Amino acid sequence: MRSRKHLLLTIFCLAVIIVAIFVGSWIWTNSTINRPTILNSAEIREYKGEKLGAIGDFRENSIKGPQNVNLSTYRLAVTGLVQDEIALTYNETVDGYAHYEKVVTIHCVEGWEVKILWEGVLLRDLLEEAEYNRSAQVVIFYAQDGYSTSLPLSYILENNILLAYKMNGVELPPERGFPFQLVAESKFGYKGIKWVTRIEVSNDTNYRGYWESRGFDDDADLP
Ligand SMILES: Nc1nc2c(c(=O)[nH]1)N[C@H]1C(S)=C(S)[C@@H](COP(=O)(O)O)O[C@H]1N2
Ligand SMILES: [Mo]
């Protein structure tokens, strides 16, 4: 009789403990203590009433993965058919030229796209600094990962093509091309070279970049 009372009491106590654990954990998971505080993201997601994509919407598929560029040794060179070859530090590039912004959608041949607000310097300004040869045909871009691509000089000048250091209001993250990504609007994504290290003014219209020499269209115009 006594042991039966004891058993019932034990079961009752266990039940109370189990219920307490469930209720407790429910309160805990729903309490503000455990919930992450949502901080305002610096990333802009809307621009003049236009919805933007997110930096995280890109599918990272660069030929050698994200590059880490060391700013203490980094130089952006403008070479080739120019009067004065230049090699600018990151700060000389960003602080030395007028800033522009525009909304441009990146379209990868893989079928995805992201609309981004880009901020950068005009390639024209960099080319003028180096006193580029006005009769040159193409501009070839090289990157830290060995990637390269080229575009007609006229396309770059006529479309105010940007070399971007910010997307959606924040500095480019390493996987998005820090310190600079070319914003090759109305072209397929493979023209938008990231981690740019050298800009070569050239007359070599037969030059083919990384993907272009592997069968992708050299014009890369969006349909
Ligand atoms: N240096 C470098 N730039 C690059 C690439 C690359 O592999 N290396 N990939 C290109 C391709 S195919 C696309 S679609 C765009 C955007 O790629 P992401 O999503 O990997 O940023 O970057 C372009 N620029
Ligand atoms: Mo791509």
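Residues numbered from 1 in each chain as written. Chains lettered and ligands numbered in written order. Predicted model: local features only at pLDDT ≥ 70, side-chain atom pairs only at ≥ 80, totals over all residues. Heavy atoms only, no water.

By secondary structure assignment, the location of E185 is in the loop between β11 (181–183) and β12 (196–202). Assessed through its relative accessible area of 19%, E185 is described here as buried. Once residues lying within four places of it in the same chain are set aside, the contact partners of E185 are K102, V104, Y155, N159 and I161. (Helix = DSSP H or I, 4+ residues; strand = E, 2+ residues; numbered from the N terminus. Buried < 20%, exposed > 50% of the residue type's maximum accessible area, 1.4 Å probe, protein only. Contact = heavy atoms within 4.5 Å.)

Moving on to the pairing of β12. Summarising burial for β12: five of the seven residues are buried, a large majority. Here strand β3 (residues 76–80) runs beside β12; their pairing, made up of four bridges, is parallel. From the neighbouring strand, A77 faces β12, where its bridge partner is R198. Of the pairings in the sheet, the one linking strand β7 (residues 138–143) to β12 comprises six bridges and is antiparallel in character. When the sheet's bridge partners are listed, I140 is paired in β12 with E200. (Pairing = 2+ DSSP bridges.)

Adjacent strands of a sheet pair through backbone hydrogen bonds, lying either parallel or antiparallel. Strand order across the open sheet formed by five strands is β4-β3-β12-β7-β8, with mixed pairing between neighbours. For this open sheet the edge positions go to β4 (86–88) and β8 (148–152), each flanked by a neighbour on one side alone. For this sheet, the mean angle separating the axes of adjacent strands, direction not counted, is 20°. (Axes fitted to C-alpha atoms, helices over the stretch in contact; angles between N-to-C directions.)

The description of an aromatic ring pair rests on the distance of the ring centres and on the angle between the ring planes. Evaluation of the coordinates by the stated rule reveals ten aromatic pairs. Plain terms: the ring middles of Y74 and F180 are 6.1 Å apart, the flat faces sit at 45° to each other, and that makes the pair tilted. Of the two residues, Y74 sits in the loop between β2 (50–51) and β3 while F180 sits in the loop between β10 (170–171) and β11, which places them 106 residues apart along the sequence. Taking relative accessible area as the criterion, Y74 reaches 4% and is therefore assigned buried. Its relative accessible area of 0% is what places F180 among the buried residues. (Phe/Tyr/Trp six-rings, centres within 6.5 Å; stacked < 30°, edge-to-face > 60°.)

As a further point, take the site of ligand 1. Among the 19 residues in the neighbourhood of ligand 1, the closest are listed as R59, I63, D145, R176 and K194. One of the side-chain N or O atoms of E60 is found 3.3 Å from an oxygen atom in ligand 1. Between D145 and ligand 1, the recorded distance is 2.8 Å, taken from a side-chain N or O atom to a nitrogen atom. Alone, ligand 1 offers 520 Å² of accessible surface; in the complex the protein occludes 98% of this. Broken down by class, the residue content of the shell around ligand 1 amounts to ten nonpolar, four polar and five charged. (Near = heavy atom within 4 Å. Polar contact = N/O pair within 3.5 Å; in protein donor to acceptor, adjacent residues only side chain to side chain. Areas by Shrake-Rupley, 256 points an atom, 1.4 Å probe, with all protein chains shown as cover. Nonpolar A, V, L, I, M, F, W, Y, C, P; charged D, E, K, R; others polar.)

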